[in-house]
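Structure assessment
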Amino acid sequence: MSRPLPEPVINLINELRKLSGVGEKTAMRYVLNLMKRSPEGVRALGETLYRLAEDVKPCSVCGFVSDGDLCDFCSDPARDGHQICVVEGVAVVLALEKVGDFQGLYHVLGGAISALRGITPKKLRIGEIVQRVSDGDVREVILATGADAEGETTALYVRKMLEGLPVKVTRPATGIPMGSSIEFLDAVTLMRALRGRKEL
Ligand SMILES: [Zn+2]
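A word on the overall build of the chain. For the chain, the count of helices and strands is seven helices and seven strands. Listed by position from the N terminus, the elements making up the chain come as α-α-α-β-β-β-α-β-α-β-α-β-α-β. Within the chain, the fraction of its 200 residues that count as buried is 25%. Partitioning the intrachain contacts of the chain with sequence separation of at least 6 by distance along the chain shows that 55% fall at a separation of at least 24.

Structure representation (structure tokens):
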């Protein structure tokens, strides 16, 4: 019978496996790799992880990651506050910023409505976007949720919640292949999709 792995090793494998895309083999490879590091190196990684939990929080306005109350977008006076691009997650913001075409602000919902996964509208930052539009001088809300069924449902739901408010609601229509997640689109497709947005 093979000697079982020490508990700290098992624990770390289990923690790493909770990350999306990391299976048992990958987790094991990471752990073996970490064990080759100096104790100081591993401690530094632990400290970095600790700081991630302690210092990084969602921006109080838009939900993007921030190490202060406001994120870099919301605190940048050069960004156009008349336009808000609503996305499911942080990764989409990063993809859009890579393109660099959009100069407005963002609103991160934290997912998409999904009956299957038990994600109700209340679990998303939908009330917050309605509040932002009610409070501020927002002229256009771009609903850049995914082109899959959940993304479509979410876009229509947010559209409904914004009904009656003096704001144009658009959706990037052109070029987004059905069923695709916006964050995986290439830059050109993404730019075309955003430029070719239509009123919803
Ligand atoms: Zn923000």
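So, on to helix H3 (residues 39-55). With 17 residues, H3 should reach 24 Å at 1.5 Å per residue; the first-to-last C-alpha distance of 24 Å fits that figure. Counting buried residues in H3 gives zero out of 17 residues, a small share hidden from the surface.

Attention now goes to the packing of helix H1 (residues 7-17) against helix H2 (residues 24-35). Relative to each other, H1 and H2 sit at 125°, their axes nearing to 9 Å. When the interaxial angle is binned, H1 and H2 end up oblique. Crossing angle aside, the handedness with which H1 passes H2 is right-handed. Counted together, Val 9, Leu 12, Ile 13, Leu 16 and Arg 17 of H1 and Glu 24, Ala 27, Met 28, Tyr 30 and Val 31 of H2 form the full contact between these two elements. Considering only residue class, the contact of H1 with H2 consists of eight nonpolar, no polar and two charged.

So, about the environment of Gln 131. If you trace the backbone, Gln 131 turns up in helix H5 (residues 126-135). Residue Gln 131 is classed as exposed on the basis of its C-beta count, with 12 C-beta atoms lying within 10 Å. Considering only alpha carbons, one finds Gln 131 and Gly 111, 20 residues apart in sequence, at a separation of 18 Å.

What follows is about the domain arrangement of the chain. Here the chain is described as being made up of domain 1 (7-55) and domain 2 (65-199). The centre of domain 1, based on its C-alpha atoms, is set 33 Å off from the matching centre of domain 2.

On to the pairing of strand E6 (residues 168-171), then. Examined bridge by bridge, strand E5 (residues 140-143) and E6 share three bridges and lie parallel to one another. Paired with Ile 142 across the bridge in E6 is Thr 170. Taken together, E5, helix H6 (residues 149-161) and E6 constitute a β-α-β crossover, and its handedness is right-handed. Where E6 and strand E7 (residues 198-199) come together, two bridges link them in antiparallel fashion. Bridged to Thr 170 within E7 is Glu 199.

Here the focus is the confidence of the model for the chain. Predicted coordinates in regions of low pLDDT should not be interpreted in detail. Per-residue confidence for the chain gives a mean pLDDT of 90; residues scoring 70 or more make up 92%. Considering each helix and strand of the chain separately, the mean pLDDT is smallest for helix H7 (residues 187-195), with a value of 76, and largest for strand E4 (residues 104-108), with 98.

Calculation rules
- Chains are numbered independently. Their residues run from 1 in the order of the written sequence.
- In keeping with the model being predicted, local features are shown solely for residues with a pLDDT of at least 70 and side-chain atom pairs are shown and tallied solely at 80 or more, while totals for entire chains, interfaces and linings include all residues.
- Helix numbers and strand numbers start at the N terminus; a helix is a DSSP run of H or I with at least 4 residues, a strand a run of E with at least 2.
- Buried, partly exposed and exposed are defined by the number of other C-beta atoms within 10 Å of a residue's own C-beta, namely 20 or more, between the two limits, and 12 or fewer respectively, with C-beta atoms placed from the backbone.
- Note on contacts: each residue gets a C-beta atom placed from the backbone, and two residues are in contact if those atoms are within 7 Å.
- To estimate how far a helix should reach, multiply one less than its number of residues by 1.5 Å.
- Under this scheme, a helix contributes an axis fitted over its contacting stretch, all axes are lines through C-alpha atoms, and angles between N-to-C directions fall in the 0 to 180 degree range.
- By the definition adopted for this analysis, an angle is roughly parallel if under 35 degrees, roughly antiparallel if over 145, roughly perpendicular if from 65 to 115, and oblique otherwise.
- Left-handed is the label given to a crossing in which the near helix is rotated counterclockwise from the far helix by less than a right angle, and right-handed is the label when the rotation is clockwise.
- Three classes are used, and their members are as follows: Ala, Val, Leu, Ile, Met, Phe, Trp, Tyr, Cys and Pro are nonpolar, Asp, Glu, Lys and Arg are charged, and the others, Gly among them, are polar.
- What marks off one domain from the next here is an automatic or database domain assignment.
- Two strands pair under a simple rule: DSSP has to find at least two bridges between them.
- For crossovers, right-handed means that the path from the first strand over the helix to the second runs clockwise, given strands pointing away from the viewer.
- pLDDT runs from 0 to 100 and stands for how confident the predictor is about each residue.

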